[in-house]
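For reference, the chains in residue letters:
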Amino acid sequence: MNDPILTIAIPTWKNFTQLAQCLFTLRRFNDYPYKLVVVNNGPERDNDGAPFAELIAKACSFPVNVIQAEHNLGWAGGINRAFELECDTDLFC
């Protein structure tokens, strides 16, 4: 993939299965040069104790930046956090 010109932010809270489907769908059907940022508003570890970011890395064969929120920021708060910390592209969604 070319250098990204779009940052795609995805806030999430305790929905790893839906998140994984979303990430794979974006990867499969999008040729636009983008980078993915997930803001985890849920617990840092799943029920088995695995770190959230580690689960994402194992599930995906492509880069995904993960921001662990210190508490549930909500949807808008997650979007804002991704924009503040990870958006270095011309476009953001």
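Residues numbered from 1 in each chain as written. Predicted model: local features only at pLDDT ≥ 70, side-chain atom pairs only at ≥ 80, totals over all residues. Heavy atoms only, no water.

Chemist: For this particular structure, what's the right way to read the pairing of strand β3 (residues 65–68)?
Modeler: In summary, the side chains of a regular strand alternate between the two faces of the sheet. Pairing between strand β2 (residues 34–40) and β3: four bridges, direction parallel. Within β3, the position partnered with Val-39 by the bridge is Ile-67. With helix α2 (residues 52–59) bridging β2 and its parallel neighbour β3, the resulting β-α-β unit is right-handed. (Pairing = 2+ DSSP bridges. Helix = DSSP H or I, 4+ residues; strand = E, 2+ residues; numbered from the N terminus. Right-handed = clockwise from strand over helix to strand, strands pointing away.)

Chemist: Quick question: what am I supposed to make of the environment of Cys-60 here?
Modeler: With respect to the element layout, Cys-60 can be found in the loop between α2 and β3. Residue classification places Cys-60 among the buried residues on the basis of a relative accessible area of 9%. Along the primary structure Cys-60 and Ala-20 are separated by 40 residues, whereas in three dimensions their C-alpha atoms are 8.0 Å apart. For Cys-60, the residues in contact, after removing those within four places along its chain, are Leu-23 and Phe-24. (Buried < 20%, exposed > 50% of the residue type's maximum accessible area, 1.4 Å probe, protein only. Contact = heavy atoms within 4.5 Å.)

Chemist: How should the confidence of the model for the protein chain be read in this particular structure?
Modeler: Should the pLDDT be low somewhere, the predicted coordinates at that spot are not to be read in detail. For the protein chain, the average pLDDT comes to 89, and 99% of its residues sit at 70 or higher. The element-level mean pLDDT for the protein chain is lowest in α2, coming to 82, with helix α3 (residues 74–86) highest at 96. (pLDDT = per-residue confidence, 0-100.)

Chemist: I keep staring at the nonpolar core and nothing clicks. Help me out?
Modeler: Generally speaking, a soluble globular protein has its nonpolar side chains buried in company with each other. Counting 13 residues, the largest nonpolar core has Ile-10, Leu-19, Leu-23, Leu-36, Val-38, Ile-56 and Val-64 as its most contacted members. Elements supplying a minimum of two residues to this core: β1 (6–12), α1 (16–29), β2 and α2. Setting aside its immediate chain neighbours within four residues, Ile-56 contacts Phe-16, Leu-19, Leu-23, Val-64 and Val-66. Membership of the second largest hydrophobic core comes to eight residues, among which are Ala-9, Ile-67, Ala-69 and Leu-73. (Core = buried A, V, L, I, M, F, W, Y, C linked by side-chain atoms within 4.5 Å.)

Chemist: Where do I start with the sheet that holds strand β4 (residues 91–92) in this structure?
Modeler: To summarise the sheet geometry, strands pair through backbone hydrogen bonds and adopt either a parallel or an antiparallel arrangement. Taken in spatial order, the four strands make up an open sheet running β3-β2-β1-β4, and their pairing is parallel. Each edge of the sheet is formed by a strand with only one pairing partner; in this case those strands are β3 and β4. Across two bridges, the pairing between β1 and β4 is parallel. Looking at the pairing, Thr-7 lines up with Phe-92 of β4. On the sheet, α3 packs against β1, β2, β3 and β4 and is oriented at approximately 140° with respect to β1. (Axes fitted to C-alpha atoms, helices over the stretch in contact; angles between N-to-C directions.)

Chemist: What is the right way to read the packing of aromatic side chains from this model?
Modeler: The description of an aromatic ring pair uses the distance of the two centres, along with the angle that the planes make with each other. Scanning the model with the defined rule gives three aromatic pairs in all. Centre to centre, the rings of Phe-24 and Phe-62 are 5.8 Å apart; their planes meet at 85°, and the pair counts as edge-to-face. Of this pair, Phe-24 sits in helix α1 while Phe-62 sits in the loop between α2 and β3, and the two are 38 residues apart along the sequence. (Phe/Tyr/Trp six-rings, centres within 6.5 Å; stacked < 30°, edge-to-face > 60°.)

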